[in-house]
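Chain residues, written in single-letter form:
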Amino acid sequence: MEKSGRCFRAKGHLGETLSIMSLSDQKKDHCAERRPPFECTALLLQGGGALGAYQAGVYEALSEAGIHPDWVAGISIGAVNSAIIAGNPPEKRVEGLRRFWERITSDVFGSWTRDFLTPLMNGDWVRGLLNQVSANSAMLSGATGFFVPRLPSPWLHPRGSIEATSFYDASGLRNTLESLVDFDRINAREMRFSVGAVNVRSGNFVYFDSTTHTIRPEHVMASGALPPGFAAVEIDGERYWDGGLISNTPLQWVLDSTPRQDTLAFQVDLWSARGDFPGNMAEVETRQKEIQYSSRTRANTDQFKRAQRIRNTVAALLESLPDGLKDEPSAKLLGSIADRKVYNMVHLIYRAKNYEGNSKDYEFSRSSMETHWRAGYHDTVRTLRHPDVLKRPNNHEGVAVFDLEQDGRD
């Protein structure tokens, strides 16, 4: 990183130079002067397949701003990104993310696509066509270092075999994780790490957390084992599927954690709950997937705000009681839910382009990856320019929510 009177002047992952506003303009500067005034900074990463490069861009901007999470939690592709972040020292995390995303993406048409089709790619129709071709290629041949089609077909394998339960073999992801992630570092608990999965037999949602589990590659792979594409992953005699089947965001896990801490949470979603009414069957399928995997982040946040308002109110009530009543059993019971902790909830949500359809989560082209990465990077820079994002909230419930789309940042 090169510093010369600016917040930074860094080479972007596309080789472009990214310039940010001068340090003299504090509202436009996205760099933190010191650690944010919270006990815990949490990075929460939703599932969304190929869209996960957006999260890598978010982390790059946070890292450049000097904001390093104490806790990273993810579902599906968010679990993979989380493992790379938690399993590397701070100075190598962005590099690890870049290596992963460059490994699993490719240009179906080769480099000549950019040279000859770039003038045409400004049109949504052409870009949409190229994206669909790339998605079809991933369906037919897989993604390098991630998954490959299962041959022969699962229909030709004997009932009860693991090969009979998925269309793709994701064993390549294990080798990729082992080459990019230091699991000893994760298990040293320098940074808390959590990934969610679903027990296939019981249907229960579980979190594999570094505070309670020794994390291995299979915990990360289980979080991303979305059926019927990928087979369930066996862990200690049980088999697990993608956590997104029940909840595609780790938000509730972090908010419900005890003991409670003053928390700055960056919730990075790859699916937007809001969208236009569909106009054809393709758009219906896209909209259905967006609603299904958005996991009602805003509704969960609103519910948490109400609960936190009650906790603060109870705390205030108990503080006003005479000393003789504070030892009453009912007062002690209320004391178990009372607290004065504060939370900043920063929503960063990928906004799909017009040309992206229902295949956007398995469209593994290099150009789309770069587009998603850039979007995450710039959305985060813009969000961090908001003067209150890194400040403790001072409202009654002790919760502040920031949303790029709703609040604006420029």
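Up top is the structure.
This write-up is about the structure you can find in this document. (Residues numbered from 1 in each chain as written. Predicted model: local features only at pLDDT ≥ 70, side-chain atom pairs only at ≥ 80, totals over all residues. Heavy atoms only, no water.)

## With respect to the overall build of the protein chain
For the protein chain, the count of helices and strands is 15 helices and 13 strands. When each of the 410 residues of the protein chain is scored for burial, the buried share is 51%. Relative to all contacts within the protein chain whose residues are 6 or more apart in sequence, the contacts with residues 24 or more apart total 72%. For the protein chain, the accessible area works out to roughly 19100 Å², and carbon and sulfur atoms hold 53% of it. (Helix = DSSP H or I, 4+ residues; strand = E, 2+ residues; numbered from the N terminus. Buried < 20%, exposed > 50% of the residue type's maximum accessible area, 1.4 Å probe, protein only. Contact = heavy atoms within 4.5 Å. Areas by Shrake-Rupley, 256 points an atom, 1.4 Å probe, with all protein chains shown as cover.)

## What about the environment of glutamate 95?
When you line up the elements, glutamate 95 lands in helix α3 (residues 93-104). Along the backbone, glutamate 95 and isoleucine 84 are 11 residues apart, and their C-alpha atoms lie at a distance of 9.6 Å.

## Some thoughts on helix α11 (residues 297-320)
Between its first and last C-alpha atoms α11 spans 35 Å; for 24 residues at 1.5 Å apiece the expected length is 34 Å, and the two agree. Along α11, the residues classified as buried are Thr297, Arg298, Asn300, Thr301, Phe304, Gln308, Arg311, Asn312, Val314, Ala315 and Leu318. (Expected span 1.5 Å × (residues − 1).)

## Looking at helix α10 (residues 281-294)
Under the 1.5 Å per step criterion, the end-to-end length of α10 is 20 Å for 14 residues, consistent within 8% with the ideal 20 Å. Where α10 is concerned, the buried positions are Thr286, Arg287, Lys289, Glu290, Tyr293 and Ser294. The buried side chains of α10 occupy one side of the element, clustering within an arc of 160 degrees when seen end-on. The inward-facing, buried residues of α10 contact β11 (263-269) and α11. Sitting at the amino-terminal end of α10 is asparagine 280, which places a side-chain oxygen 3.2 Å from the backbone nitrogen of alanine 282. Positive backbone phi, at 50 degrees, marks arginine 296, one or two positions downstream of α10. (Arc of directions from axis to C-beta. Polar contact = N/O pair within 3.5 Å; in protein donor to acceptor, adjacent residues only side chain to side chain.)

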